[in-house]
Amino acid sequence: MKKHIPNLLTCLNLFSGCIAVLMALQGNIQVVTICVFASGIFDFFDGMVARLLHVKSPIGKELDSLADMVSFGFLPGTIMFTLLTKVFPDGSLLPYLGYIITVFSALRLAKFNLDERQTSDFIGLNTPMNTFYVLSLPYIAEKYPQLVLNPIVLIVSILLTSYLLVSEIRLFSMKFSSMDWKTNKFRFIFLILTLILFIVGQFMALPIILVLYFLLSALHFNKKNDLV
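Values in this document were obtained by computation on a predicted structure and should not be read as measured data.

One can describe the packing of helix H4 (residues 100-114) onto helix H5 (residues 127-143) by two numbers: an axis separation of 11 Å at closest approach and a directional angle of 160 degrees. Comparing the axis directions of H4 and H5 gives the class roughly antiparallel. The two elements H4 and H5 meet at a crossing, and its hand is right-handed. Along the contact surface, H4 presents Ile-101, Ser-105, Arg-108 and Leu-109, while H5 presents Thr-127, Asn-130 and Val-134. Of the residues contributing to the contact of H4 with H5, the split by class is three nonpolar, three polar and one charged.

In structure tokens:
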């Protein structure tokens, strides 16, 4: 029975992602947000539970990627599609550019499954973090529509995030092998600053948090290389 628990969590990730896609098309960003957070929680705990129960399996790994493809690949593409439909007139094909993110998310997930360098950290932006950034855009658009609902801003976001997904930039993961401060200093700093920024700015702070993630990752790996 216990071997099915991680896969159940992964399926719940997929289920939440499916609902989020439908809600995004209906413009219900509040429900999308709840579903994204739910998918993120299920995605975080399925691997952890599999390790704790010693029931890791090849099918679990494949199922995880398939679930992530919907929750953190198809969903951000759909959110971007809905934003672009507000910018371009009816009948335009340009909103479909949003699904470039979906294509590069698929490439990212396929690369991750085969890249043995990414067992403990990431090379390239991970899909959940990218999804949270894209999710922030409708919230920012509510307050600053002239800033977000701009074709140049949206297309640049698509191209930049798509590049980052498959880039060779090293980023730390939130997998703690120990709670030692010296080893995990930049992870702890990231968690603390993320909490503060989110409390202060909520979803408006997510682009800043993404930049912070890149900066602290660079510091983390520079220090790590100095110690080698």
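For the structure shown, the criterion picks out one cavity of 30 Å³ or more. By volume, the largest cavity amounts to about 30 Å³. Taken together, Met-129, Phe-132, Tyr-133, Leu-206, Ile-209 and Leu-210 form the lining of the largest cavity. Secondary-structure elements contributing two or more residues to the lining of the largest cavity are H5 and helix H9 (206-227). Grouping the constituent residues of the lining of the largest cavity by class yields six nonpolar, no polar and no charged.

Another point: a positive patch on the surface. A surface patch of positive charge is lined by Arg-51, Lys-56, Lys-61 and Lys-175. Relative to the helices and strands, Lys-175 is located in the loop between strand S2 (170-171) and helix H8 (181-201). Residue class for Lys-175 comes out partly exposed when judged on its relative accessible area of 41%.

It is worth spelling out unusual backbone geometry at this point. At Gln-202, a residue that is not glycine, the phi angle is positive and equals roughly 50 degrees. Residue position: Gln-202 is located in the loop between H8 and H9.

Below, the discussion takes up the nonpolar core. In this structure, Val-32, Met-80, Leu-125 and Leu-135 are the most contacted members of the largest nonpolar core, which totals 45 residues. Put simply, the parts of the chain that give this core at least two residues each are helix H1 (5-25), helix H2 (29-53), helix H3 (58-87), H5, helix H7 (151-165), H8 and H9. Of the residues forming this core, the biggest block, nine residues, is contributed by H5. Contacts of Leu-135, omitting those with residues within four sequence positions, involve Ile-29, Val-32, Thr-33, Val-36, Ile-79 and Phe-203.

We now examine the pattern of salt bridges. Tallying each qualifying case throughout the model produces three salt bridges. Glu-168 is the salt-bridge partner of Lys-111, the closest N and O atoms lying 3.0 Å from each other. A residue pair is termed long-range when its members are at least 10 positions apart, and Lys-111 in helix H4 and Glu-168 in the loop between H7 and S2 qualify at 57 residues. Among the residues examined, Lys-111 registers a relative accessible area of 21% and is labelled partly exposed. Among the ionic pairs, Glu-168 bridges to Arg-117, the shortest N-O distance being 3.1 Å. Taken as a pair, Glu-168 in the loop between H7 and S2 and Arg-117 in the loop between H4 and strand S1 (122-123) lie far apart in primary sequence, 51 residues in all. Judged by relative accessible area, which is 49%, Arg-117 ranks as partly exposed. What emerges from the salt-bridge pattern is a single network uniting Lys-111, Arg-117 and Glu-168.

Within the secondary structure, Ser-217 sits in helix H9. Of the polar contacts made by the side chain of Ser-217, one reaches the backbone nitrogen of Phe-172; its length is 3.3 Å. When neighbours within four sequence positions are excluded, Ser-217 is seen to be in contact with Arg-170, Leu-171 and Phe-172.

Its location among the elements puts Ser-173 in the loop between S2 and H8. Sequence separation between Ser-173 and Arg-187 is 14 residues, and the spatial gap between their C-alpha atoms is 8.2 Å. When residues no more than four places from it in sequence are discounted, the contact partners of Ser-173 are Ser-120, Asp-121, Phe-122 and Arg-187.

Okay, the environment of Phe-186 next. On the secondary structure map, Phe-186 appears in helix H8. Spatially, the C-alpha atom of Phe-186 lies 9.7 Å from that of Ala-218, the residues being 32 residues apart in sequence. The contacts of Phe-186, once residues within four sequence positions are left out, are Phe-172, Leu-216, Leu-219, His-220 and Lys-223.

Procedures and definitions
- Residues numbered from 1 in each chain as written.
- Predicted model: local features only at pLDDT ≥ 70, side-chain atom pairs only at ≥ 80, totals over all residues.
- Heavy atoms only, no water.
- Axes fitted to C-alpha atoms, helices over the stretch in contact; angles between N-to-C directions.
- Helix = DSSP H or I, 4+ residues; strand = E, 2+ residues; numbered from the N terminus.
- Parallel < 35°, antiparallel > 145°, perpendicular 65-115°, else oblique.
- Left-handed = near helix turned anticlockwise from the far one by under 90°.
- Contact = heavy atoms within 4.5 Å.
- Nonpolar A, V, L, I, M, F, W, Y, C, P; charged D, E, K, R; others polar.
- 1 Å grid on protein atoms, 1.4 Å probe; cavity = no way out; pocket = protein on both sides within 12 Å on 5 of 7 lines; lining within 4 Å.
- Points joined across faces, edges and corners; volume = space filled by probe spheres on them.
- Patch = residues over 30% accessible without salt bridge, like charges linked within 9 Å, V, L, I, M, F, W, Y side chains within 5 Å.
- Areas by Shrake-Rupley, 256 points an atom, 1.4 Å probe, with all protein chains shown as cover.
- Salt bridge = Lys/Arg side-chain N within 4 Å of Asp/Glu carboxyl O.
- Lys, Arg positive; Asp, Glu negative; His and termini not counted.
- Charge placed at Lys NZ, Arg CZ, Asp CG, Glu CD.
- Buried < 20%, exposed > 50% of the residue type's maximum accessible area, 1.4 Å probe, protein only.
- Core = buried A, V, L, I, M, F, W, Y, C linked by side-chain atoms within 4.5 Å.
- Polar contact = N/O pair within 3.5 Å; in protein donor to acceptor, adjacent residues only side chain to side chain.

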